[in-house]
Amino acid sequence: MNETAVKVKELVKRYRELLAVDHLNLEIKQGEIFGLLGPNGSGKTTTINCILSLLSYDNGEIEIFEKPMKADAYDIKAKIGVVMQNVAVFEELTVQENIDYFCGLYINDKQLRKQYVEEAIQFTGLEDFRKFYPKKLSGGLLRRLNIACGIAHKPKLIILDEPTVAVDPQSRNRILEGIMELNRQGATIIYTSHYMEEVEQICSRIAIIDNGKCIAQGTAEELKKLIKKREIITIDILSVTADDIEALKALPHVYSVTFEDSKLTILCDGGSHNLVRVLDYLQGKEYSFGHIHSALPTLNDVFLEITGKELRD
Amino acid sequence: MLNFKTFFQIAKKHIGTCFIYVIIFLILMVVMTNINKGSSTSKFEAKSVKFTVIDEDDTVASHALTDYLATKHKYISFEGKDISKIQDNMYYEEISYVLTIPKGYEEELKNGNFKNLVTHSMRTDSAAGYFFNQDVDSYFRALSVYQASSESLEDSLSKAANVMEKVNANEVEMITFEKTNNGNSPSGYFFQYFAYILISVLLLSMSPILMTFHNRDLAARISCSYLKPRRKAAGIGLGAICYSILVWLIILIAGGFGGMYRYDPIETIALMTANSFVYLIVIVTMTLCIASFSLSEHALQLIANVIGLGSSFLCGVFVPQWMLAENVTRISRFFPAYWFIRNNNILAGFNGEAFNPDEYLLNLGVQLLFALAFMTIYFVMHVQKKAKAVA
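Residues numbered from 1 in each chain as written. Chains lettered and ligands numbered in written order. Predicted model: local features only at pLDDT ≥ 70, side-chain atom pairs only at ≥ 80, totals over all residues. Heavy atoms only, no water.

## A closer look at the overall build of chain A
- Helix and strand counts for chain A stand at 11 helices and 14 strands.
- By principal-axis analysis of the C-alpha atoms, chain A measures approximately 75 × 45 × 40 Å.
- Counting over 313 residues, chain A shows a buried share of 52%.
- Within chain A, counting contacts between residues at least 6 apart in sequence, those at least 24 apart form 67% of the total.
- As presented, chain A carries roughly 14400 Å² of accessible surface, and 48% of it is formed by carbon and sulfur atoms.
- Between the averaged position of the 38 positive side-chain charges in chain A and that of its 46 negative side-chain charges there is a distance of 6 Å. (Helix = DSSP H or I, 4+ residues; strand = E, 2+ residues; numbered from the N terminus. Buried < 20%, exposed > 50% of the residue type's maximum accessible area, 1.4 Å probe, protein only. Contact = heavy atoms within 4.5 Å. Areas by Shrake-Rupley, 256 points an atom, 1.4 Å probe, with all protein chains shown as cover. Lys, Arg positive; Asp, Glu negative; His and termini not counted. Charge placed at Lys NZ, Arg CZ, Asp CG, Glu CD.)

## Describing the UniProt feature "transmembrane region" (unreviewed entry) in chain B
- Here the UniProt-annotated "transmembrane region" (unreviewed entry) positions come out as residues 15-35, 193-213, 234-257, 277-295, 302-324 and 360-381 of chain B.
- In the segment residues 302-324 of chain B, helix accounts for 61% and strand for 0%; the C-alpha atoms at its two ends are 25 Å apart. (UniProt positions renumbered as here; feature names shortened; annotations may be inferred.)

## Some thoughts on the layout of surface pockets
- Of the pockets and cavities examined, the second largest pocket occupies roughly 750 Å³.
- Lining the second largest pocket we find 26 residues, and of these Glu91(A), Glu92(A), His14(B), Pro208(B) and Thr212(B) sit closest to its centre.
- Looking at the lining of the second largest pocket, the elements with two or more residues in it are helix H1 (2-47), helix H8 (207-214), helix H9 (216-223) and helix H12 (297-315) of chain B.
- Tallying contributions element by element places H8(B) first for the lining of the second largest pocket, with 4 residues. (1 Å grid on protein atoms, 1.4 Å probe; cavity = no way out; pocket = protein on both sides within 12 Å on 5 of 7 lines; lining within 4 Å. Points joined across faces, edges and corners; volume = space filled by probe spheres on them.)

## Thoughts on the pairing of strand E13 (residues 263-268) of chain A
All names here are of chain A.
- As judged from the 6 bridges shared by strand E11 (residues 231-237) and E13, these two strands associate in the antiparallel manner. Opposite Ile232, over in E13, you have Leu267 as the bridge partner.
- Note that strand E12 (residues 254-260) and E13 share 6 bridges and pair antiparallel. The residue of E13 that forms the bridge with Phe259 is Leu264.
- Hairpin connection between E12 and E13: a loop of 2 residues separates the two successive antiparallel strands, and Asp261 in this loop has a positive phi of roughly 50°. (Pairing = 2+ DSSP bridges.)

## What about the domain arrangement of chain B?
- According to the domain assignment, chain B consists of domain 1 (2-32 + 185-390) and domain 2 (47-180).
- Measuring from the centre of the C-alpha atoms in domain 1 of chain B to the corresponding centre in domain 2 of chain B gives 54 Å. (Domains from an automatic or database assignment.)

## Focus on the UniProt feature "domain: ABC transporter" (unreviewed entry) in chain A
- The sites that UniProt annotates as "domain: ABC transporter" (unreviewed entry) are residues 6-236 of chain A.
- Split by type, residues 6-236 of chain A is 34% helix and 29% strand. Its first and last C-alpha atoms lie 48 Å apart.

## Comments concerning the sheet that holds E13(A)
All names here are of chain A.
- With antiparallel pairing, the 4 strands of this open sheet are ordered in space as E12-E13-E11-E14. Only two strands of the sheet have a single partner each, and these edge strands are E12 and strand E14 (289-295). If you compare each strand with its neighbour and ignore which way they point, the axes differ by 15° on average.
- Docked against the sheet, helix H9 (residues 242-249) engages E12 and E13, running at close to 155° with respect to E12. (Axes fitted to C-alpha atoms, helices over the stretch in contact; angles between N-to-C directions.)

## Topic: the pattern of salt bridges
All names here are of chain B.
- Applying the stated criterion across every chain yields a total of 16 salt bridges over all chains.
- Residue Arg342 is joined to Glu359 by a salt bridge in which the shortest nitrogen-to-oxygen separation is 2.6 Å. With a gap of 17 residues between them, Arg342 in helix H14 (residues 336-348) and Glu359 in helix H15 (residues 357-390) connect regions that are remote in the sequence.
- Looking at Glu359, the relative accessible area reads 21%, which means it is partly exposed. (Salt bridge = Lys/Arg side-chain N within 4 Å of Asp/Glu carboxyl O.)

## Some thoughts on the interface of chain A and chain B
- With 28 residues of chain A at the interface, the matching set in chain B holds 25 residues.
- Together, the buried faces of chain A and chain B total about 2500 Å²; carbon and sulfur atoms form 63% of this surface.
- Seen at the junction of chain A and chain B, the total is 1 salt bridge.
- Here chain A and chain B share 8 residue pairs in polar contact (both at pLDDT 80 or more) between them.
- The set of elements that each furnish at least two residues to the side of chain A that touches chain B consists of strand E1 (4-15), helix H2 (74-77), helix H3 (95-104) and helix H5 (139-151) of chain A.
- Sorting elements by how many residues they give to the side of chain A that touches chain B places H3(A) first, with 5 residues. (Buried area = accessible area lost by both parts, 1.4 Å probe. Polar contact = N/O pair within 3.5 Å; in protein donor to acceptor, adjacent residues only side chain to side chain.)

## Concerning empty space enclosed by the protein
- The tally for this structure, following the rule as stated, stands at 1 cavity of 30 Å³ or more.
- Reported here for the largest cavity is a volume of approximately 30 Å³.
- What lines the largest cavity is Leu93(A), Glu97(A), Asp100(A), Tyr101(A), Leu2(B), Lys5(B), Thr6(B) and Gln9(B).
- Contributing elements (two or more residues each) for the lining of the largest cavity: H3 of chain A together with H1 of chain B.
- For the lining of the largest cavity, a count of residues per class yields 3 nonpolar, 2 polar and 3 charged. (Nonpolar A, V, L, I, M, F, W, Y, C, P; charged D, E, K, R; others polar.)

## Section: the pairing of strand E4 (residues 59-64) of chain A
All names here are of chain A.
- Of the strand pairs in this sheet, E1 and E4 are connected by 5 bridges, and their pairing is antiparallel. Paired with Val8 across the bridge in E4 is Ile62.
- Relative to strand E5 (residues 67-68), E4 is paired through 2 bridges, and the arrangement is antiparallel. Each residue of the ladder has a partner; that of Ile64, found in E5, is Lys67.

Spelled out as structure tokens, the structure:
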């Protein structure tokens, strides 16, 4: 599917002096899982709130399913499911009543709603908790309830804003699997997170946002190709001479060698068999070494190289 | 109707607070009813006299007099009319009044003589006998009127007895009305405390429901749904109206069960009810305003107590308005409860105040102005909040 689900053009949002979103451009195709990745305060939630018309913005255009998105665009709103960063459910209603309420915001037919509510309960694995009040649920179950409330009406576009914050690994995996299943069923997903592993795991395309700007956009592989660093080799070694460090730097594709706290770190800008060449050299010099680790760059490395700071800063 | 239904689903969780206040109020009412019941019973017993008749005439007319008095008082019969036995019973307070109908009583009536027809003995330490004398005198007055219009004695006796029953019924009502004017109206007290109960119940049980819908995250979540704001507001508004009317009715019905309306004329009760309904409108609008703030449960309880108790003390719920200092009543005029209590005072006749329709309507109008002011504040806050949310 090549039709555009969401198009954000030159979006600008200011909070007095603070520029929260700075000429942001996004184009999300139908059927994608699109990740908005960025540290806390980078402008992800502001962007989402602008997309949902919860916030007014200073400049730019937003289109959803090729129609301008406005606060009174109820025909568009009917196709959107929202899972907010903060769990937004009624404390006084049970799990089932909550899902029924949020489904009822879109579906008037009682029979159909009943069916959808049941499907949402089963989808999120809340069958045993349907009569529970939110206060009695664990953090993970509460997040699952939040998701069930957002997806029960079977929306075409689902926006999930940090749905796994403060969730245990087991619930997190279940949530991520659920999101991928929703996508397989045909929903377009916008997923915001500052957890790069999650975004990398489920998103087909990713936009990295910092200070309200989109600093990079593409698939995870495309993003990693944007940076020089392609392989990081780490070797535990007692000592190494300055001459050997220089010699290692001279190896093909190696562009940085550092030695600190008995740890030798070698950065390579691509190529293959980098680890074999490094180990051959060290063995030739009769160095004895311990733990060896070779890793491909992460999205954090991408972020670090582009912005000069860690994603988790 | 989704929000309307949800309003009452949430209300179920807060109904406990509502019931606690209604139960406390019911207990207060029962206590008040018993106090009032006690005073009215003693009054009735004072009018009901144990008497006997020494009927020396033994005619239709003498029997008619005995029968009439027996409908008003407690007739004790003595076999053989033993005078010493009657005196003993009078000494031991078994009877309080002895009426002697002399021979020739009926003849005297036929001749149109109604003065000094009967003689009596009564206990001097009891006021009851004087009520009895009044009844006897009234009977002869009525009988004289019918006899004067050339009725037969039998007809006059029957009509006099009938009309005296009606006259005496009116007298009972008149006594009750006087009691009201003396400031002992239970409905007056009931509606006076109504001011405090209504504020407490609605603030503590309805505000949390409204605040749930005003919760920032929930409101944002609902805003990005298919539900239009007007429909959302209509559902919540209708819920609030139905809920508050339900609470109002429960308290009113509880008042009925507590016997709060039995001593006042229906017109007075109707006016008190109308006054309380207008006050309900004020409290609902005030609750809407307070619920617009995102308050914690403790803060809400604090506000409910400050407003509920504060306005009750200042406006004359707990301390009557006429006992409040002038400078206090000057301040209390800025509270809607003051105008509610003003109306209640003139309706219940507290402190001898007389009902004045113009003042009643003026007080209702002032209350409605308060409601209007609260609604204006609510809408201004709502608009500002909305503007702030999308800024």
